[in-house]
Amino acid sequence: MSSTVTDTRGLAGQTIGETQICSVNQTQLIYRGYEIADLAANASFEEVSYLLLVGHKPSAGELAEFKKTLVGMRSIPQSVTDAITHIAQESPGTHPMGVVRTAISLLGHLDAECEDNSAEAELRKSMRLLASIPTCIGVHQRALEGKSPIDPDPTLDHAANLLWCMTGEKPGEIAAKVMDVSLILYAEHDFNASTFTCRVIASTNSDLHSAVCGGVGALKGNLHGGANEAAMEMLADIMKDTEDGSMTVDAWMQRAFAEKRKLMGFGHRVYKNGDHRAGILRQWGLKYAAEENASARKWFDLGDAVQGIMLDQKNIHPNVDFPCGMTYFAMGIPVPQYTPIFVASRITGWCAHIMEQHANNRIIRPLAEYSGPPLQQWNG
Ligand code: CMC
């Protein structure tokens, strides 16, 4: 960076627009006027989805109609099922986020309203994606396991149906509840990297599916949504070293600090005193482990040790991806599907922002300060 260029890397600390959807600050996380702990304790993911997409808390009648419509939109075209299955069989190493991105792109081709950016069509497209992404995740996971796809279950709510599509087993009450809460916590977070990507794409008058594909690409990275997988992989690494006696947790951490490693699931661009979502999810993860999987408790204990050292020595708090890794692991969810599940939730926030951008659009096109070579002659 030249000395004349201001340090604007990462747009840190800059407010670059306005939104009515969400407020992220040190003391609160608010979705359209409702605080996250209130929503996690008292709302369902479908209610939160309605709040984000439509703009207000649903009445009982509005919620019933919304849920019924979503259930009717869960199936995906056979050609999309075939494409996902083909990728799983021919290229099993493909990261599931790449599969979700491809599936959403295919769903766009097959959506008769793909090029219609009217508010009404965008709400319908948002709902179709919200309803069908769990089906795509399920088809892929089952194909990886050599199993046939199963139909979504119309009797199950959104979170329970997501687990059903992946496993073919009706989840218990606590599993469905923990998944529902995690989806609420992941649903929206103002101008995070993936949502900002969606808004940039939408601002060119591009379509909703294209914008969402961009959002998936941005979420995949381990500095953003991919951190929930990376956090669990890091914990597994520490567990291995501590269980085989080659290293204590403290020694592992000191080595990571000496190597200036980024510890996954820690830190946040906005929250400097802790992520409001992390404590909520940790509690639900612990509850799940206590009721359903006592052997998973050791991961939370290890997480507490890592968290204590991070706080004590670096003053850096865990973000939501840290307890998410442990919680989904306790629930038996395959690690590479953690970030696609984040997509199954954040699709609501992305679509709300795409609609908000289109409703009051101006192309997003900032400036860059040139720091390259001085002017010279090609033939000089
Ligand atoms: N491990 C070690 N050091 C860290 C970490 C971490 N996880 N996070 C921040 N730091 C250090 C950072 O290196 C910097 O040190 P220095 O001043 O010596 O260069 C200092 O803390 C301040 O960093 P920052 O300015 O707060 O970081 P940032 O805003 O540029 O980046 C972040 C934010 C989330 C990308 C970063 O904290 C990180 O890489 N965390 C690990 C990945 C992660 O968990 N991502 C999930 C983010 S939240 C939920 C989501 O989007 O999914």
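Procedures and definitions
Residues numbered from 1 in each chain as written. Predicted model: local features only at pLDDT ≥ 70, side-chain atom pairs only at ≥ 80, totals over all residues. Heavy atoms only, no water. Helix = DSSP H or I, 4+ residues; strand = E, 2+ residues; numbered from the N terminus. Rg over C-alpha atoms; globule rule 2.2 N^0.38 Å. Buried < 20%, exposed > 50% of the residue type's maximum accessible area, 1.4 Å probe, protein only. Areas by Shrake-Rupley, 256 points an atom, 1.4 Å probe, with all protein chains shown as cover. Lys, Arg positive; Asp, Glu negative; His and termini not counted. Charge placed at Lys NZ, Arg CZ, Asp CG, Glu CD. Phe/Tyr/Trp six-rings, centres within 6.5 Å; stacked < 30°, edge-to-face > 60°. Lys NZ or Arg CZ within 6 Å of the ring centre and 35° of its normal. Domains from an automatic or database assignment. Contact = heavy atoms within 4.5 Å. Buried area = accessible area lost by both parts, 1.4 Å probe. Salt bridge = Lys/Arg side-chain N within 4 Å of Asp/Glu carboxyl O. Polar contact = N/O pair within 3.5 Å; in protein donor to acceptor, adjacent residues only side chain to side chain. Nonpolar A, V, L, I, M, F, W, Y, C, P; charged D, E, K, R; others polar. Expected span 1.5 Å × (residues − 1). Axes fitted to C-alpha atoms, helices over the stretch in contact; angles between N-to-C directions. Parallel < 35°, antiparallel > 145°, perpendicular 65-115°, else oblique. Core = buried A, V, L, I, M, F, W, Y, C linked by side-chain atoms within 4.5 Å.

Got a minute to help me understand the overall build of the chain in this structure?
A tally of regular secondary structure across the chain gives 16 helices and three strands. Relative to the globule expectation of 21 Å for 380 residues, the C-alpha radius of gyration of the chain, 21 Å, shows essentially globular dimensions. Seen through its principal axes, the chain has C-alpha atoms that stretch 70 × 55 × 45 Å. Across the 380 residues that make up the chain, the buried fraction comes to 50%. Here the chain displays about 17,800 Å² of accessible surface, and carbon together with sulfur accounts for 52% of that area. Here the chain holds 32 positive side-chain charges and 43 negative ones, and the gap between their average locations is 3 Å.

Honestly, the packing of aromatic side chains in this entry has me stumped. Any pointers?
Aromatic rings in a pair are described by how distant their centres are and how their planes are angled relative to each other. Taken as a whole, this structure holds six aromatic pairs when the rule is applied. A cation over a ring is seen here: Lys 314 above Phe 257, with NZ or CZ 4.8 Å from the ring centre.

Please explain the domain arrangement of the chain as it appears in this structure.
Where interface size is quoted, it is often the accessible area lost as the parts come together. The domain boundaries assigned to the chain delineate domain 1 (22-222 + 336-359) and domain 2 (227-330). Relative to domain 2, the C-alpha centre of domain 1 lies at a distance of 26 Å. Contacts between the two partners involve 30 residues from domain 1, matched on the other side by 27 residues from domain 2. Counting the surface domain 1 buries against domain 2, the share from its top three residues, Gln 26, Ile 174 and Tyr 338, is 31%. Here domain 1 and domain 2 share zero salt bridges between them. At the boundary of domain 1 with domain 2, the tally comes to 14 residue pairs in polar contact (both at pLDDT 80 or more). For the side of domain 1 that touches domain 2, the elements supplying multiple residues, two or more each, are helix H1 (36-42), helix H8 (173-186) and helix H16 (338-359). The residue inventory of the side of domain 1 that touches domain 2, partitioned by class, reads 17 nonpolar, 11 polar and two charged.

Before we go on, may I ask you to explain the environment of Arg 282 in this structure?
Take Arg 282: it is sitting in helix H13 (residues 276-292). Sequence spacing of Arg 282 and Val 200 is 82 residues, and the spatial spacing of their C-alpha atoms is 33 Å. The residues contacting Arg 282, other than those within four sequence positions of it, are Phe 300, Asp 304 and Pro 323.

Just checking my understanding: could you explain helix H14 (residues 297-314) for this structure?
Its 18 residues give H14 an end-to-end C-alpha distance of 25 Å, which sits within 8% of 26 Å, the value for a rise of 1.5 Å per residue. Lining the buried residues of H14 we find helix H11 (227-243), helix H12 (249-258), H13 and helix H15 (321-330).

Can you help me understand the pattern of salt bridges in this one?
Pairs can form between side chains of opposite charge whenever their charged atoms are close. Throughout the structure, instances matching the rule amount to 14 salt bridges. Residue Asp 157 pairs with Lys 67 through a salt bridge whose shortest N-O separation is 3.4 Å. With Asp 157 in the loop between helix H6 (119-144) and helix H7 (158-167) and Lys 67 in helix H3 (residues 60-72), this pair connects stretches of sequence that are 90 residues apart. Arg 255 serves as the salt-bridge partner of Asp 241, at 3.9 Å between the closest nitrogen and oxygen. Taken together, the positions of Asp 241 in helix H11 and Arg 255 in helix H12 put the pair 14 residues apart, joining distant regions of the chain. Of the residues examined, Asp 241 reaches a relative accessible area of 10% and is grouped as buried. Take Arg 255: its relative accessible area is 31%, and that puts it in the partly exposed class.

Sorry if this is basic, but what is going on with the packing of H11 against H15 here?
The description of two packed helices rests on the angle between their axes and on the distance between the axes. Where H11 contacts H15, the axes come no closer than 8 Å and their chain directions differ by 70 degrees. As judged from the angle between their axes, H11 and H15 are roughly perpendicular. Touching Ala 227, Asn 228, Ala 231, Met 232, Met 234 and Leu 235 of H11 are Asp 321, Phe 322, Cys 324, Gly 325, Met 326 and Phe 329, all from H15. For the contact of H11 with H15, the per-class residue count stands at nine nonpolar, two polar and one charged.

Would you explain the nonpolar core in this entry?
With 107 residues, the main nonpolar core has Tyr 31, Met 179, Val 212 and Val 306 as its most contacted residues. For this core, the element with the most residues is H16, which contributes 11 residues. If you count residues domain by domain, this core takes at least three from each of domain 1 (22-222 + 336-359) and domain 2 (227-330). Those residues in contact with Tyr 31 that lie beyond four places of it in its chain are Ile 21, Cys 22, Ile 36, Leu 39, Val 48, Leu 51, Leu 52, Ile 184, Leu 185, Tyr 186, Ala 187 and Glu 188. In terms of nonpolar packing, the next biggest core, distinct from the first, is built from five residues, Ala 160, Trp 164, Cys 165 and Ala 176 among them.

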